[in-house]
Amino acid sequence: MCVIQSVNQYLNHFFRSNNVSLFKSNVLIYLLFYFIDIFPKAQNVTWSSLNFKTILMWSPKPTNYSYTVEFSQVGQDRERTPHCIRTMAMECDLTAGLKKLNAYYTADILSEPMRGVSSDLVEFPHATTEKFSPYYDTAIGRPEFRIEVSSDKRKTTLHVEDIPTALFVDEKRLNIRDVFMDNLQYKVTYRKAKSTGKKEKISKSSIIELTDLDRGESYCFYVQAFLPFRAQDKQHGEISNIQCSSEESPSIFEEYGMGVIAGAILITILAITAIIIVIVMCCRQRKRAVNTGKERLPLNGV
């Protein structure tokens, strides 16, 4: 209003006659609508989506105006969500509105008067988002998993928990396996605890079996969701926390197996038996030699 007053004083100074009063009034009306009804456009408009919880964010914080969000599937009619109409907030949760997950959506953030304030503007300033698809663009969070080592230490199994999403069907919360189904894979990266060399394995299952590990060695693992059908920069989910298996020296039975041990015992018994036989035979031969020598000696007094 200070601007309007300044302009009014300026016009009064230059336009003293009645023949320009109409012009002055038109200028004032134009300036009034210009400074009151033209609101700043939303800026820095971004989609933020994690595990299918999708929020539209923007700036700046409104002062004497508000924001209204309109969104639509590309090529379809626009919709509004009640909690994002003439709001003073700088974000809008559109999770429930994006019903067709593999479709692409756009949104407009309109700068409008505050609630209860009218305006003669037909079209309000607005900012339009880039296209967004929950199925192809939402980020996937950090999975949890547990390590299971078989009793013979020959197999290590990782049991990955499929991450829950913000989506519900019939009051049941969906996880990412429910959404992506066979398109969901997991990438596990592992290494020996005392080494820096890494190996990777990709599994279509949430149960990942590893059979190429050295028995008794401690290994460290981390897991992330892998979606190969996506654009390359959106294929991998967040990396899990690193977990390591315990280091155990395998027992002799685990290391060599019962067959090898039984064979070794048999060979040892046979070797001992052979040695005993040789010793017995040597003793007998020596005894015979002694007896033979005695027989050859002459009898006393003969």
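This structure is a prediction, so every number in the text was calculated from the model and none was measured.

Parameters and conventions
Throughout this document, residue positions are counted from 1 along each chain, in the order its sequence is written. In keeping with the predicted nature of the model, local features appear solely for residues at pLDDT of at least 70, side-chain atom pairs appear and are counted solely at 80 or more, and the whole-chain, interface and lining totals rest on all residues. Calculation of side-chain values draws on the structure's entire complement of heavy atoms; hydrogens and water are dropped beforehand. Paired rings are identified among Phe, Tyr and Trp, the last through its six-membered ring, by centres lying within 6.5 Å, and are further divided according to the angle between planes into stacked (under 30 degrees), edge-to-face (over 60) and tilted (the rest). Type-normalised accessible area, obtained with a 1.4 Å probe on protein chains alone, sets the label of each residue: buried when under 20%, exposed when over 50%, and partly exposed for intermediate values. Secondary structure elements follow DSSP: runs of H or I of four or more residues count as helices, runs of E of two or more count as strands, with numbering from the N terminus. Lysine NZ or arginine CZ positioned within 6 Å of the ring centre and within 35 degrees of the ring normal marks a charge as sitting over the ring. The pairing criterion for strands is at least two bridges between them, as found by DSSP. A fitted line through C-alpha atoms serves as each axis, taken over the contacting stretch for helices, and the angle formed by two N-to-C directions is quoted from 0 to 180°. Whether two residues touch is decided by their heavy atoms; if any such pair falls within 4.5 Å, the residues are in contact. Confidence scores labelled pLDDT are given residue by residue by the predictor and lie between 0 and 100. Think of a nonpolar core as a cluster: buried Ala, Val, Leu, Ile, Met, Phe, Trp, Tyr and Cys residues, connected wherever their side-chain atoms sit within 4.5 Å.

**Q** A description of the packing of aromatic side chains should follow, citing residues and the corresponding values.
**A** The final tally for this structure, using the stated rule, is 12 aromatic pairs. Pairing tyrosine 65 with tyrosine 67 gives two aromatic rings, centres 5.5 Å apart and planes at 80°, and the pair type is edge-to-face. For tyrosine 65, a relative accessible area of 3% gives the class buried. Between tyrosine 135 and phenylalanine 180 the ring centres are 5.0 Å apart and the planes differ by 55°, which places this aromatic pair in the tilted class. Placement of the pair is tyrosine 135 in helix α3 (residues 134-137) and phenylalanine 180 in helix α4 (residues 176-180), with a sequence separation of 45 residues. For phenylalanine 180, a relative accessible area of 1% puts it in the buried group. Chaining the aromatic ring pairs together yields one cluster made of Phe52, Tyr104, Tyr135, Tyr136, Phe180 and Phe229. The ring centre of tyrosine 104 lies 5.4 Å from the NZ or CZ of lysine 131, which sits over that ring. In this structure, lysine 187 packs its charged tip against the face of phenylalanine 226, placed 5.2 Å from the ring centre.

**Q** Break down the sheet that holds strand β5 (residues 91-93) for me, with residues and values.
**A** Sheet architecture is open: three strands sit in the order β1-β2-β5, paired in antiparallel fashion. What marks the edges here is a single partner per strand, and that holds for β1 (43-50) and β5. Neighbour-to-neighbour, the strand axes of this sheet turn through a mean angle of 15°, independent of strand direction. Two strands pair when backbone bridges link them, and β1 and strand β2 (residues 53-59) are joined in this way by six bridges, in the antiparallel orientation.

**Q** Could you give me a rundown of the pairing of strand β11 (residues 172-175), with the residues and numbers involved?
**A** Summarising the sheet, strand β10 (residues 164-169) and β11 pair through three bridges and their orientation is antiparallel. Residue pairing for β11: proline 164 is matched across the bridge by asparagine 175. In this antiparallel pair of consecutive strands, β10 and β11, the connection spans two residues, and aspartate 170 shows a positive phi of 50°.

**Q** Account for the environment of threonine 189, naming residues and giving values.
**A** Here threonine 189 shows up in strand β12 (residues 185-192). Not counting residues up to four positions away in its chain, the partners in contact with threonine 189 are Lys198, Lys199, Glu200, Cys220, Phe221 and Tyr222.

**Q** Can you tell me about the confidence of the model for the protein, naming the residues and giving the values?
**A** Residues shown with low pLDDT carry predicted positions that ought not to be read at fine detail. Looking at the protein as a whole, the pLDDT averages 84, with 79% of positions reaching at least 70. Predicted confidence for residues 1-7 stays below pLDDT 50, and this span has eight contacts to residues more than four positions away or in other chains. When the criterion is pLDDT under 50, residues 29-36 qualifies, and its contacts beyond four places in sequence or with other chains add up to 10 contacts.

**Q** A description of the nonpolar core should follow, citing residues and the corresponding values.
**A** Leu158, Phe180, Tyr186 and Phe221 are the most contacted members of the largest nonpolar core, which totals 24 residues. Contributions of two or more residues to this core are made by β9 (156-161), α4, β12, β14 (207-210) and β15 (219-226). For this core, the leading source of residues is β15, giving four residues. In contact with phenylalanine 180, not counting residues within four places along its chain, are Phe52, Tyr135, Ile140, Leu227, Phe229 and Arg230.

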